[in-house]
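Residues per chain are reported as follows:
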Amino acid sequence: MIYREAGDFSTTYQQDSQTFPIRFDRYRYYAILAVAFLLVPFFINDYWANAILLPFLIYAIAAIGLNILVGYCGQVSLGTGGFMAVGAYACYKLMTSFPDVNIFFHVILAGFVTAGVGVIFGLPSLRIKGFYLAVATLAAQFFLVWMFNKFGWFYNYSASGQINAPERSVFGIVVTGPNTHAWATYLFCLVFCVGAALIARNLTRGTMGRTWMAIRDMDIAAEIIGVNPLKAKMTAFAVSSFFVGVAGALFFSVYLGAVEVTEAFGIQKSFIVLFMIIIGGMGSIFGSFAGAAFIVLLPVFLKNVLVGGFGWATDVAAHLELMILGGLIITFLILEPHGLAAFWKTIKEKLRLWPFPH
Amino acid sequence: MKLKLLAATAAALMAAAPAFADLTIPALNYRTGPYAPSGIPYADGFSDYMTLLNERDGGIGGEMVNVVECETAYNTEKGVECYEQTKGDNALLYIPQSTGITYQLIPKASADGIPIWSLAYGRTSAVNGKVFEWVFNLPVTYWDGASVAVKYAMEQEGGSLEGKKIALVYHNSAYGKEPIRTLEKLSEKHGFELVLLAVDHPGQEQKSQWLQVRQQRPDYVFMWGWGVMNQVAIQEAANVRFPMDKFIGIWWSGSEADVLPVGDGANGYKSLTFHGAGTDFPVFGEIKSTVIDAGKAAGDGTKWGEVGYNKGVYTAAVLAEAIRAAQEASGKSNISPADLRDALESLEVTEARFEEIGLGGFAPAISLSCASHSSPRLAAIQQWNAADKTWSVLTDYMEPDFEIVDPLIEEDSMAYASENGIEPRSCE
């Protein structure tokens, strides 16, 4: 009734090919942006920022990055944790080497460094595919973590091997270190997250995205119609690693503040981000957000219900959380193998006809 | 409407549930994951002692103690979530139970004005109270532990370690790396060779490390391990027939859960300790009768008297003394985190006081000051007897080599101060 396209006419090609062609969708999108930018910062507290919104936004950026590589270009990667570590350590080295530069640029630069590393580790993708490529990226994961542990230069020879984010600011507003305000860190991550989503959306529907998808769907056919596989695969690795690196940099500098590479960027990080895009939906920007929300928010939600609501023992709740999460993932994959994004699409189809389905 | 209601309920549930007691102490425990074997006994001991105080004395100074458990699974991300969730409820003090989480919380808690007590773990240089105003690292630190272990090995070898070889098997994390600097300095001083063998999280796979031990034949093996890593290491040591009495673990690598799975092979294994073993102290009887037998225990009661459990009791007992001191100093029973910090900074727990609270001879006396946030900085060696299934303390409490450790603490804490723009206090 409210969600319909009747009376919504496109008179130009631009209008027809926009991200949200239905007016209601568009307004909903503007409304979410308005709430996120104008309303949330006034009500946010430390708990909401550090336990819920920051991890959600940062994981969403990482999921967008991985989705470009796996969902759009079809190159399986298990190296996400390692690439996030590259972003984090690059950001740390930049922050400590150039303390006067705006942290915003450090995060971006850390993304570019990661893009470079990603391209290097993406080279095997020109020769190998599928599971074999997954193993090659797995090697990247272990190699990078080992490297950051092994060489003291990366962590400035600190006694514990940890890296700690010093206090840095954006236009005089502190966003890293202990003396931050919840709204500042939140807005900082939100800007990156929205930026990442916009860039990813526009890349994936342009030439570059189409070549990626051509490679994903059938690489030989793509090559025959003139897609350069070297260029397509390398750009996919570069763009994907860029976003993952930005996520890693934010994860370290803004969210955690102190990081130890084996614990924070281990193989489980790679799996978590991969689960996010599988659950959220491969090849979908919305899916990246939905998957990140599912994986980040559900455990917190369950914990608060079971421990805070029912007053159960924390260990019972922690074990139940794992079981419920696992069960839900299996249920989802059976009922909706294409992820939450496909589920959302179905809902929208039904909503268009509601309340008079024919 | 239904959807709105659902959304509102969901939002309400996502927000942290408030606590209503007066002396709130969040406990960042881990009863799940690969570190649970080490985490559960401690968590039980801490909660049971506090329950004893609530049941027997009606809390501390008339205020009930509320231990808010939060499960971290030894994971820093969950640790941050727990911290944010509980800090609003007038949390008095954080005991992070993880070196990684301690590193995370040191700047945050200092900014929020909540004291942190890292109990013989965490950042060693936090001993320097001039720089780390809100952080306490008592009763002893990792660098002290490394030094005491070397001292003990030296005594065993007749006073010299010249030309000997010591291997350090360590958890490849901030925790495991802590003693390396100290051991390197000590190896220069005493002329022994140091072999570093890192074990990656979670530590179930140690074949290659122990193969190296077999090849390099060190005279002593020290271990900085935690969770399942400990039992695997002791098993592997038994497999390569490394003499157990030359295998010395840090205080976190010497609990029943670490040696029992190895059976007779673990006989003679040694570890450092900073408190007594066993249950021959009056307060343990009271915990048994008032808390465990009454069905009010935090766990299933089977950990009672284990080394990890005793650590929990020790922590809770010292903390209760600090709270009492804070109540006396501030003249009110409902103290603030700042009151507790001030009290910790001048905390005195004499041996007579330990006797009074039913822990006579359990641990050496404590005396903290503004400049020194750790005391007494003593450690003893305990040994496992596999036949009796008991730990027994072998030596007196030994002092570390302060000549080596203190300059390192000064150097590291000053580096932290300059990195973070902290002006050290004068402490006069």
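For clarity, every value in this text was computed on a predicted model and none was experimentally measured.

1. Comments concerning the packing of helix α13 (residues 285-309) of chain A against helix α14 (residues 314-335) of chain A
Residues and elements named next belong to chain A. Between α13 and α14, the shortest axis-to-axis distance is 9 Å and the interhelical angle comes to 140 degrees. Between α13 and α14, the angle falls in the class oblique. For α13 against α14, the interelement crossing comes out right-handed. Residue-level contacts link L298, P299, L302, K303, L306 and V307 of α13 to T314, A317, L320, E321, I324 and L325 of α14. Classifying every residue of the contact of α13 with α14 gives nine nonpolar, one polar and two charged.

2. Some words on the domain arrangement of chain B
Interface size, as often reported, equals the accessible area lost upon joining of the parts. All names here are of chain B. Splitting chain B by domain gives domain 1 (16-141 + 278-377 + 408-419) and domain 2 (142-277 + 379-404). For domain 1 versus domain 2, the distance between C-alpha centres works out to 26 Å. Across the boundary between the two partners, domain 1 contributes 28 residues, which contact 31 residues of domain 2. If you list the elements that add at least two residues to the side of domain 1 that touches domain 2, you get α2 (36-57), α4 (99-112) and α12 (307-330). Among the elements that make up the side of domain 1 that touches domain 2, the one with the highest residue count is α12 (five residues). Class assignment of the residues belonging to the side of domain 1 that touches domain 2 gives a composition of 16 nonpolar, nine polar and three charged.

3. Things to note about the pairing of strand β2 (residues 65-71) of chain B
Residues and elements named next belong to chain B. Taking every second residue as pointing to the same face, the buried face of β2 carries V65, V67, E69 and E71, while none of N66, V68 and C70 on the other face is buried. By the bridge criterion, seven bridges tie strand β1 (residues 23-29) to β2 in an arrangement that is parallel. Looking at β2, one finds that T24 is bridged to N66. What joins β1 to β2 is α2, and the crossover it makes is right-handed.

4. So, the interface of chain B and chain A
Each partner contributes to the interface: chain B provides 35 residues, whereas chain A provides 33 residues. Mapped by element, the contributors of at least two residues to the side of chain B that touches chain A are α1 (2-14), β2, α3 (76-87), α4, α6 (174-177) and α15 (402-419) of chain B. Per-element accounting of the side of chain B that touches chain A gives the leading share, seven residues, to α4(B). Here the side of chain B that touches chain A is built from residues that sort into eleven nonpolar, twelve polar and twelve charged.

5. Re the sheet that holds strand β13 (residues 390-393) of chain B
Residues and elements named next belong to chain B. Pairing is mixed across the open sheet formed by seven strands, whose spatial order is β6-β5-β7-β8-β9-β12-β13. The open sheet has two free edges, formed respectively by β6 (193-199) and β13, since each of these has just one partner strand. For this sheet, the mean angle separating the axes of adjacent strands, direction not counted, is 25 degrees. The sheet contact formed by strand β12 (residues 380-385) and β13 spans four bridges and is antiparallel. Of the residues in β13, the one forming a bridge with Q382 is V393.

6. Some details on unusual backbone geometry
Cis rather than trans, the peptide bond between W354(A) and P355(A) has omega equal to 5 degrees. As for its position among the elements, P355(A) is in the segment after α15 (339-353). In this structure, the amide linkage connecting H201(B) to the following residue, P202(B), adopts the cis form with an omega of -5 degrees. When you line up the elements, P202(B) lands in the loop between β6 and α8 (207-216). With a phi close to 55 degrees, Y157(A) is a non-glycine residue in the positive phi region. Relative to the elements of secondary structure, Y157(A) occurs in the loop between α6 (130-150) and β1 (163-164). Residue classification places Y157(A) among the exposed residues on the basis of 10 C-beta atoms within 10 Å.

Calculation criteria
- Residues numbered from 1 in each chain as written.
- Chains lettered and ligands numbered in written order.
- Predicted model: local features only at pLDDT ≥ 70, side-chain atom pairs only at ≥ 80, totals over all residues.
- Axes fitted to C-alpha atoms, helices over the stretch in contact; angles between N-to-C directions.
- Helix = DSSP H or I, 4+ residues; strand = E, 2+ residues; numbered from the N terminus.
- Parallel < 35°, antiparallel > 145°, perpendicular 65-115°, else oblique.
- Left-handed = near helix turned anticlockwise from the far one by under 90°.
- Contact = placed C-beta atoms within 7 Å.
- Nonpolar A, V, L, I, M, F, W, Y, C, P; charged D, E, K, R; others polar.
- Domains from an automatic or database assignment.
- Buried ≥ 20, exposed ≤ 12 C-beta atoms within 10 Å, placed from the backbone.
- Pairing = 2+ DSSP bridges.
- Right-handed = clockwise from strand over helix to strand, strands pointing away.

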